[in-house]
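Summary of the model geometry
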Amino acid sequence: MRSEYEMKRSLQESFERIPVPESLYRFADEVPGRFAAGDFTSAAEPAPASRRSARFKLFKSVAAAAILVSAFSAGVTMSPAFASLVKEVPGFEIAVDWLTHVRQQDGVQTAVDHGYTPIEPATVRFDGTSITIDDIYLTDDELLFKAFIRSTDYDVTDGRSPVHLSIVPSNLRGGGSTTASYIAETTDGSSQPVRQDTYKYQLEENAVHNFMASGQTELVLQVSKVTSDHELKRSTYEDKGSVVLTVDRQKLLHNIVMEPHQSFRSRYPIRIGKS
Amino acid sequence: MDMETERRLMDDIRQGDQESFRTLVNPLIAQAYRTSLAILRSTHLAEEAVQNALVESYSAIVKGKEIRRFRGWFSRVIASRSLDIARKEQPNKYSVDIDGLEICDEAASPLDDVLKKEQCERLIESIMALELQQRAVIVLYYFEELRIEEIALLLNIREGTVKSRLYHARSKLSRIFPASRIQAQEVGV
């Protein structure tokens, strides 16, 4: 059947041109080690009665960040330009347009536009590496944040580098990982590469409730340097310190779920070819 | 990768050989991501679906699940995880973020380059413009090469419905993408 063959061939030829994120290969490398460490326990357990929801417990949609702003629907909305201006990343001079684009991709820009930034960013430095944690959102069952990393210790632009950083909440139990990574350059004239990793953690049931009930006001993220040795088939984790984020419970919204107030924009056509 | 190699790698994984997991799944990641992207129309959500499928695969292997043909099994897992996310995300209308997608240029000559790029652009656009039900069957049938009965099982619909959706999807594609010479006709199984 000629048309059948042509359809299949055309579709395969087209789709095989779509680039695949290197982060997925790195994630595959990490799965055995992280599985052994218990990172995925709750997600990987089969639950026949509610199979679908159990699997969602691993990495829920980034839409959560967009949904967070719903409580501000009757409030004042900042202009995107002003919001971007006031919501730059501390310690990093990065093109606002690029940052806005990244935030639009994961829904955070909507929250920023509405002035919803419940947890202030924080920066740590060790050796030749500087990390800023920003765009931090905590719901009843999820923690989302972005890590902006600049380093002279390893090549942040190399998705296949045997060295990378892992950032894990140490006083909120849950499983998760990076869900997207981008590379930008500083705009301070030095054009240093900046890696931006988006993290999403699905937190254990009652983890946030217990955190709040215990009176804690600091969310601690542990930073580890992970070095993979492919010949020895193992990864070593080196503790590099922690990032402490101050949590003001008065600023946190609770899961008021409404339709995100952003228009549904079709972005066709897709750009084809090298930029 | 043949069945015997897959079986040996899964045995090695159960023995604690982490490298074997990479060897087993790396050749499948690209297709899984592209399938998921076609279904979800979102690079972020596609990554999420593939990550979920990888964790589920590793868990199933180490727990001794009997997997006869890993490649086919993984195709069904990635389809399921993508459809799960699509169903969940659909009410939020949140899933179009492929604006920045850059298609690799692998054409052999400048003329070839222009024609191929245009053709690929139009075909991907056309497929992405289909509604989810039709997009999913087109991608699963032609790209993942799942059988009609497998797609029916995944979508929890009758085989006749799968054929019908394929027929209508192809009809639409033939209208908006005549250059591909796609003809709408019943899918023979």
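What you are looking at is a predicted structure, and each value in this text was computed from that prediction instead of being measured. (Residues numbered from 1 in each chain as written. Chains lettered and ligands numbered in written order. Predicted model: local features only at pLDDT ≥ 70, side-chain atom pairs only at ≥ 80, totals over all residues. Heavy atoms only, no water.)

Quick notes on the overall build of chain B
Condition: For helices the rule is a DSSP run of H or I covering at least 4 residues; for strands it is a run of E covering at least 2, with both sets numbered from the N terminus onward.
Looking only at helices and strands, chain B has eight helices and zero strands in total. For chain B, the sequential pattern of α-helices and β-strands runs α-α-α-α-α-α-α-α.

Brief notes about the overall build of chain A
Note the threshold: Throughout this description, buried means an accessible area under 20% of the type-specific maximum (1.4 Å probe, protein chains only), exposed means over 50%, and partly exposed covers the range between. Whether two residues are in contact is decided by their heavy atoms: any pair within 4.5 Å suffices. Accessible surface is estimated by sampling points in the Shrake-Rupley manner with a 1.4 Å probe; for residues, cover comes only from the protein chains shown.
The secondary structure content of chain A amounts to nine helices and eight strands. Buried positions account for 51% of the 275 residues belonging to chain A. In chain A, once contacts between residues fewer than 6 apart in sequence are set aside, the share between residues at least 24 apart is 67%. A total accessible area of about 12600 Å² is found for chain A, and carbon and sulfur atoms account for 50% of it.

Things to note about the sheet that holds strand E6 (residues 193-203) of chain A
All names here are of chain A. How we decide: A pair of strands counts as paired when DSSP detects no fewer than two bridges linking them. The axes are straight lines fitted to the C-alpha atoms, using for helices just the contacting stretch, and the angles between their N-to-C directions are given from 0 to 180°.
Spatial strand order, E1-E2-E3-E6-E5: five strands in an open sheet with antiparallel pairing. Each end of this open sheet is capped by a strand with a single partner; those strands are strand E1 (122-126) and strand E5 (174-185). On average, each strand axis in the sheet is tilted by 20° relative to the strand beside it, whichever way the strands run. Here strand E2 (residues 129-138) runs beside strand E3 (residues 142-151); their pairing, made up of eight bridges, is antiparallel.

Observations regarding the packing of aromatic side chains
What counts, and what does not: What counts as a ring pair is set by centres within 6.5 Å for rings of Phe, Tyr and Trp (its six-membered ring), and what kind of pair is set by the plane angle: stacked under 30 degrees, edge-to-face over 60, tilted for all other angles.
Going through the model one piece at a time under the given rule, you end up with nine aromatic pairs over all chains. Ring geometry for Phe145 of chain A and Tyr199 of chain A: centres 4.9 Å apart, planes at 15°, overall stacked. With Phe145 of chain A in strand E3 and Tyr199 of chain A in strand E6, this pair connects stretches of sequence that are 54 residues apart. The class of Phe145 of chain A is buried, set by a relative accessible area of 1%. Here Tyr199 of chain A falls in the buried class, since its relative accessible area comes to 3%. Centroid distance Phe21 of chain B to Tyr58 of chain B: 5.1 Å. Interplanar angle 85°. Geometry classified as edge-to-face. Here the residue Phe21 of chain B occupies a position in helix H2 (residues 18-40), and Tyr58 of chain B occupies one in helix H3 (residues 43-62), the gap between them amounting to 37 residues. Tyr58 of chain B shares its class with Phe21 of chain B; the two are buried. Here the aromatic residues Phe35 of chain A together with Phe21 and Tyr58 of chain B are joined through ring pairs into a cluster of three or more.

So, the pairing of E6 of chain A
Residues and elements named next belong to chain A. Taken across its eleven residues, E6 has ten buried, putting it largely inside the fold. Looking at chain direction, E5 and E6 are connected through eleven bridges and run antiparallel. Bridging from a neighbouring strand, Ser177 pairs with Lys200 of E6.

A short note on the side chain of Glu56 of chain B
Our working definition: We define a polar contact as two N or O atoms separated by no more than 3.5 Å, with the added condition that, inside protein, one atom must be a possible hydrogen donor and the other a possible acceptor, whereas residues neighbouring each other in sequence contribute only through side-chain atom pairs.
For Glu56 of chain B, the location among the structural elements is in helix H3. Within the structure, Glu56 of chain B has its side chain in polar contact with the side chain of Arg81 of chain B (distance 2.7 Å).

What about the pattern of salt bridges?
Residue and element names in this part refer to chain A. What counts is decided by this rule: The rule for a salt bridge is simple: a side-chain nitrogen of Lys or Arg has to be within 4 Å of a carboxyl oxygen of Asp or Glu.
Here the structure, examined in full by the defined rule, presents 18 salt bridges over all chains. Residue Lys240 pairs with Asp127 through a salt bridge whose shortest N-O separation is 2.7 Å. Taken together, the residues Lys240 in strand E8 (residues 234-246) and Asp127 in the loop between E1 and E2 connect sequence positions 113 residues apart. Judged by its relative accessible area of 62%, Asp127 is exposed. The salt bridge involving Asp197 is made with Arg195; its shortest N-O contact spans 3.0 Å. For Asp197, a relative accessible area of 2% corresponds to the buried category.

Side note on the environment of Asp141 of chain A
On the secondary structure map, Asp141 of chain A appears in the loop between E2 and E3. C-alpha of Asp141 of chain A to C-alpha of Asn206 of chain A: the two residues are 65 residues apart in sequence and 7.7 Å apart in space.

Let's talk about the nonpolar core
Put simply, the test is: In plain words, nonpolar cores are sets of buried Ala, Val, Leu, Ile, Met, Phe, Trp, Tyr and Cys residues tied together by side-chain atoms within 4.5 Å.
In terms of nonpolar packing, the biggest core is built from 71 residues, with Leu11 of chain A together with Leu54, Phe70 and Ile138 of chain B touching the most fellow members. Per-element accounting of this core gives the leading share, twelve residues, to H2 of chain B. Every residue in contact with Phe70 of chain B, bar those within four places of it in the chain, is listed here: Glu6, Met10, Leu24, Val25, Leu28, Ser57 and Ile61 of chain B. Ile119, Val124, Leu172 and Val243 of chain A belong to the second largest nonpolar core, which has 38 residues in total.

Thoughts on unusual backbone geometry
Residues and elements named next belong to chain A. Even without being glycine, Asp127 reaches a positive phi, approximately 50°. One non-glycine residue with positive phi stands out, namely Asp135, at about 50°. Tracing the backbone through its elements, the reader meets Asp135 in strand E2.

Things to note about the environment of Ile149 of chain A
Mapped onto the secondary structure, Ile149 of chain A falls in strand E3. Through-space distance from the C-alpha of Ile149 of chain A to that of Ile131 of chain A is 4.7 Å; in sequence the pair is 18 residues apart.

Overview of the confidence of the model for chain B
All names here are of chain B. Which entries qualify depends on this criterion: By definition, pLDDT measures how confident the predictor is in each residue, and it falls between 0 and 100.
Averaged over every residue, the pLDDT of chain B is 78; residues scoring 70 or more account for 77%. Per-element mean pLDDT across chain B ranges from 70 in helix H5 (residues 110-129) up to 91 in H2. A low-confidence stretch, residues 92-100 stays under pLDDT 50, and its non-local contacts, those more than four residues away or across chains, total 36 contacts. Low pLDDT, under 50, characterises residues 179-189; the predicted model gives this stretch 30 contacts beyond four residues in sequence or across chains.

So, H3 of chain B
All names here are of chain B. Convention followed: For a helix, the expected span equals 1.5 Å multiplied by the number of residues minus one.
Relative to the 28 Å expected for 20 residues at 1.5 Å per residue, H3 spans 29 Å between its end C-alpha atoms, a close match to the ideal helical length. Within H3, 19 of the 20 residues are buried, which leaves it mostly tucked inside the rest of the structure. Where H3 begins, the capping side chain belongs to Ser42, and its oxygen is found 3.0 Å from the backbone nitrogen of Leu45.

Looking at the confidence of the model for chain A
All names here are of chain A. Confidence in the prediction of chain A, expressed as mean pLDDT, is 69, and 67% of residues score 70 or more. Per-residue pLDDT stays below 50 along residues 43-87; that stretch engages in 104 contacts with residues further than four places along the chain or on separate chains. Considering only residues more than four positions removed or in separate chains, one finds that residues 255-275, a stretch of pLDDT under 50, has 53 contacts.

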